[in-house]
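What follows is each chain in one-letter form.
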Amino acid sequence: MSDTIADLRSDTITQPTPEMRRAMAEAVVADYARDGCATTARLEQLAANLTGHEAALFCSSGTMGNVVAFLTHLSPGDEIIAERDSHFLHFEAAGCSALAGGITRPLRGRAGRMDLEEVAAAIRPGDRLHPGTGLIVVENTHNLAGGTCLDTGYMSRLWEIAAAHGVPVHLDGARVFNAAVALGVPPSELAGRCGSVMVDLSKGLCAPYGSLLCGSAEFIARAVTMRQRVGGGTRQIGHMAAAGIVALESMIERLIEDHISARRLAEGIYGVRADLVDLDLVQTNMVMVKTGPLGVSAAQLAERLAAAGVRCHPVAPDRVRFVTHRDVGSEQIDRALNAIAEVLAAWL
Ligand SMILES: Cc1ncc(COP(=O)(O)O)c(C=O)c1O
């Protein structure tokens, strides 16, 4: 394998910034689970303010934030309406069912977007025979759809439908700051009227750890118990919270640079062969490339690209994903594009 030009498998591989490392080393910490911690409290308040909620709870990962939300919202046997390629349905070890007792009602979306008429039709009150809808989950940006956004119009309509039926909405907002930056709106406009939102610090924001589950003060008070139940009452977590504060205060606006890189990458690949990329779906920091037109599998393409120094992630048998992030600069993107073009040329 040649030297790596660009590792574009995920934005989860990002390194903490020098400022984060300093903040972690110097953080004032305490036994958060026993006594509370001023540093963590500050992070939680920042996240609550950004998302338009009263309170927030620091969790170890996006997966934990989601499962704590499910545990807090659901009673065993409740139904969860969600887009069928949602991250929590595929990659979170079935915590929604195994731990929270939810049964899922997956709906097919387009570009990560469920049809809202179908959502409304799927909501049911529950009776002697049928489970009742306990939660609607949406993902923004949508990972498997390629980083696509749900806009404020969609969210407003969803909130209206959910409120009319008395069902809460949980937003898996692992990358909601990408959506907010791409759409040019404050994150609170995408998240504020959800029953809960999880935002992740360890993706494009480059922190080494953690997510924040945000909601009303009453919801978060109940969520504290659920986080304890899954072992999330970490003690001197203030070190990690300090990095998270840097992430929320200084790393959100720069996400636009990752979006510009993704667009450059996508347009470059499109220029080599237009049927490999749907440019309309390149809305944030991800680029999905179809391998069917090349007559190869995703694994084969990923292997050939890795040999040429560009790492990507096969997300389906016929699709690879490139994710741009802070640790891949524009010069690397240019070099990666050249390498990709050479590899693709072999199959043209
Ligand atoms: C949409 C979405 N939700 C949740 C998660 C889980 O986050 P974590 O890896 O921090 O557990 C991810 C991770 O990639 C994700 O993409």
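Up top is the structure these notes are about.
Residues numbered from 1 in each chain as written. Predicted model: local features only at pLDDT ≥ 70, side-chain atom pairs only at ≥ 80, totals over all residues. Heavy atoms only, no water.

Here's the deal with the overall build of the chain
Helix and strand counts for the chain stand at 15 helices and 12 strands. Against the compact-globule benchmark of 20 Å for 348 residues, the chain has a radius of gyration of 20 Å, which places it among compact chains. Dimensions of the chain, computed from C-alpha atoms along their principal axes, come out at roughly 60 × 55 × 35 Å. A burial count over the chain gives 54% of its 348 residues as buried. Summarising the internal contacts of the chain: among those between residues at least 6 apart in sequence, 75% fall at separations of at least 24. In the structure as shown, the chain presents an accessible area of about 14300 Å², 50% of it carried by carbon and sulfur atoms. Between the mean site of the 31 positive side-chain charges and the mean site of the 39 negative ones, the chain shows a separation of 3 Å. (Helix = DSSP H or I, 4+ residues; strand = E, 2+ residues; numbered from the N terminus. Rg over C-alpha atoms; globule rule 2.2 N^0.38 Å. Buried < 20%, exposed > 50% of the residue type's maximum accessible area, 1.4 Å probe, protein only. Contact = heavy atoms within 4.5 Å. Areas by Shrake-Rupley, 256 points an atom, 1.4 Å probe, with all protein chains shown as cover. Lys, Arg positive; Asp, Glu negative; His and termini not counted. Charge placed at Lys NZ, Arg CZ, Asp CG, Glu CD.)

Considerations on the site of the ligand
Close to the ligand lie 14 residues, the nearest being Gly62, Thr63, Asp172, Arg175 and Asp200. In the environment of the ligand, an oxygen atom lies 3.5 Å from a nitrogen or oxygen atom belonging to the side chain of His87. At a separation of 2.9 Å, an oxygen atom of the ligand approaches a polar side-chain atom of Asn143. Against a free-state accessible area of 390 Å², the protein chains account for coverage of 87% of the ligand. Counting residues per element, the ones that place at least two in the shell around the ligand are α4 (62-73) and β7 (196-200). The leading source of residues in the shell around the ligand is α4, at 3 residues. Counted by class, the shell around the ligand contains 2 nonpolar, 6 polar and 6 charged residues. (Near = heavy atom within 4 Å. Polar contact = N/O pair within 3.5 Å; in protein donor to acceptor, adjacent residues only side chain to side chain. Nonpolar A, V, L, I, M, F, W, Y, C, P; charged D, E, K, R; others polar.)

So, the pattern of salt bridges
A pair can form between side chains of opposite charge whenever their charged atoms are brought close. All chains considered together, the criterion is met by 18 salt bridges. For Lys203, the salt bridge identified is with Asp200, shortest N-O distance 2.7 Å. By the burial criterion, Lys203 is buried, and Asp200 matches it. Note that Asp334 and Arg264 form a salt bridge whose closest N and O atoms lie 2.8 Å from each other. Separated by 70 residues along the polypeptide, Asp334 in helix α15 (residues 330-345) and Arg264 in helix α13 (residues 255-272) bring together distant segments of the chain. On the basis of relative accessible area, Arg264 is assigned to the partly exposed category, the value being 31%. What you see here is one network of salt bridges that share partners, running through Asp7, Arg9 and Arg311. (Salt bridge = Lys/Arg side-chain N within 4 Å of Asp/Glu carboxyl O.)

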